Amino acid sequence: MVAADHGALEALYRSWTRSRSGGYADAAVWDASAEEYKDFAVPSWDDDPFLELLADDAPLDGATVLDIGCGSGIYAIALAGRAAHVTGIDLSGKMVEYARLKAADAGCANVEFAQGDFRTMLLDGPFDVVIAHLTPAVADDETFAKMMGLARRYCAIAKPARRTDAVLDELRRLVGIEPGGRGMDDDFLKAFSAVWLAGKVPTVRSYEDVWRVARPLDAAVGLYADRLVASDLDAGQKAAVAERLHALAADGVVEERIDTTVMLMGWRMGPSGCMRA
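Caption draft 1: Just the overall build of the protein chain, in detail. Check the secondary structure of the protein chain and you find 10 helices and 7 strands. Here the C-alpha coordinates of the protein chain stretch approximately 55 × 45 × 35 Å along the principal axes. Within the protein chain, buried positions represent 50% of all 277 residues. A sequence separation of at least 24 residues applies to 80% of the contacts in the protein chain between residues at least 6 apart. When the accessible surface of the protein chain is totalled, it reaches about 12,600 Å², and 51% of it is carbon and sulfur. Computed over 29 positive and 43 negative side-chain charges, the inter-centroid distance for the protein chain is 4 Å.

Caption draft 2: Seen up close, the packing of aromatic side chains. For the structure on display, the rule yields 6 aromatic pairs. Here Phe 50 and Tyr 75 contribute two aromatic rings whose centre-to-centre distance is 5.6 Å and whose plane-to-plane angle is 85°, an arrangement assigned as edge-to-face. Within this pair, whereas Phe 50 is found in helix 3 (residues 49-57), its partner Tyr 75 is found in helix 4 (residues 74-80), the two being separated by 25 residues in sequence. Accessibility classification places Phe 50 together with Tyr 75 in one group, the buried group. In textbook terms, an aromatic cluster arises when at least three aromatic residues are bridged by ring pairs, as seen for Trp 16, Phe 144 and Trp 267. The ring of Tyr 98 carries the charged tip of Lys 38 above its face, separated from the ring centre by 5.9 Å.

Caption draft 3: Representation of unusual backbone geometry in the model. With omega at 5°, the peptide bond leading from Gly 125 into Pro 126 counts as cis. Locating Pro 126 in the fold gives a position in the loop between strand 3 (111-115) and strand 4 (127-133). Phi at Leu 134 takes a positive value of approximately 50°, unusual for a residue other than glycine. Assignment of secondary structure puts Leu 134 in the loop between strand 4 and helix 6 (141-150).

Caption draft 4: Region of interest: the sheet that holds strand 7 (residues 253-268). Read from one edge to the other, the open sheet built from 7 strands follows the order 3-2-1-4-5-7-6, with strand pairing classed as mixed. The open sheet terminates on both sides in strands that have one partner only, identified here as strand 3 and strand 6 (203-216). When strand polarity is set aside, the average angle formed by the axes of neighbouring strands in this sheet is 20°. As judged from the 6 bridges shared by strand 4 and strand 5 (residues 151-165), these two strands associate in the parallel manner. Within strand 5, the position partnered with His 133 by the bridge is Ala 158. Across the face of the sheet, helix 3 comes into contact with strand 4, strand 5, strand 6 and strand 7 while running at roughly 155° to strand 5.

What counts, and at which threshold
- Residues numbered from 1 in each chain as written.
- Predicted model: local features only at pLDDT ≥ 70, side-chain atom pairs only at ≥ 80, totals over all residues.
- Heavy atoms only, no water.
- Helix = DSSP H or I, 4+ residues; strand = E, 2+ residues; numbered from the N terminus.
- Buried < 20%, exposed > 50% of the residue type's maximum accessible area, 1.4 Å probe, protein only.
- Contact = heavy atoms within 4.5 Å.
- Areas by Shrake-Rupley, 256 points an atom, 1.4 Å probe, with all protein chains shown as cover.
- Lys, Arg positive; Asp, Glu negative; His and termini not counted.
- Charge placed at Lys NZ, Arg CZ, Asp CG, Glu CD.
- Phe/Tyr/Trp six-rings, centres within 6.5 Å; stacked < 30°, edge-to-face > 60°.
- Lys NZ or Arg CZ within 6 Å of the ring centre and 35° of its normal.
- Pairing = 2+ DSSP bridges.
- Axes fitted to C-alpha atoms, helices over the stretch in contact; angles between N-to-C directions.

Here's what the structure looks like:
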C-alpha cells in the first residue's frame with residue numbers, strides 16, 4: 001500500500017466544491033422523475049458495466065453494502081443476491097417508496113431503504129462496500145470524504161462525463177449560464193485524484209450512453225425554470241425559459257436527450273488515507 005499524501009489530498013479537497021445554483025441535486029427533481037424510474041428493470045450481472053466492475057473487483061460475499069443515491073432501488077436489489085445486507089438511501093421520498101415496493105416484489109428480505117440527504121444523514125457504518133451510481137449525492141469534498149470514511153473494504157462510483165443535455169444546455173445559454181458538463185468532468189477527475197492521493201490504485205472503465213427523458217410541458221416549465229436551469233432565475237429569465245420550452249414541445253411533451261460517457265471507478269480501501277486529514 002502506497003502511503004497517502006495527506007497534504008496534497010487536503011489541498012485537493014479544499015478546491016473541490018459543488019455549485020448549488022440549480023441542476024439535479026434537488027429532491028423535487030427526483031420526486032418528479034420517480035414515476036418513470038419505478039419501471040426501470042433490475043440490471044443484470046451479465047451485461048451491466050457497473051455490476052461487471054463490482055463482480056470483478058468488489059468483495060461482496062457476506063458483505064454489508066451502502067448504496068448512496070439508490071433511486072428506485074435497482075442496484076441495491078441486484079446486489080442483494082450476492083451481499084449479506086444492502087442499505088439504500090436517497091434524497092427523494094418517492095424514489096424510496098418505489099424502491100421498497102420493488103424490493104418487496106423481488107422478495108428481497110436483506111435490503112432496506114431510507115430517505116435523507118447523504119450530506120447530513122447519520123449512518124450506522126462502516127459498511128464493507130459503498131457505491132454511488134450516477135448520483136449527485138457524491139459530488140464534492142465533503143460527500144466524497146464521507147463516502148470514503150464509511151467504506152471498510154471497497155468503494156465504487158459511476159459518474160457522467162463529457163455530458164450534453166440538449167434542452168438544459170440550450171436553456172442555460174439562453175439565460176446567460178454556462179452549461180454544466182465541464183463541472184461533471186471535473187468531478188470525476190477530482191474523485192480519481194482523491195483516490196490516487198489516498199494511496200490507492202483504482203480500476204477505471206467507461207462506456208457511452210444516451211438517456212432520454214420525456215416530461216409533460218407544464219411539469220417541464222416548472223422543473224427547468226425553478227430547479228434545473230438555476231434556482232434563482234428572475235421573472236424575465238423564467239419567462240424566456242417557458243417560451244422556449246413551449247416552442248420545443250411536441251404534443252404537449254418536452255423531450256430531453258442526454259449524451260454522456262459514463263466513467264466507472266472502483267478501489268479497495270486500506271488502513272491509511274481513507275479520511276480527510
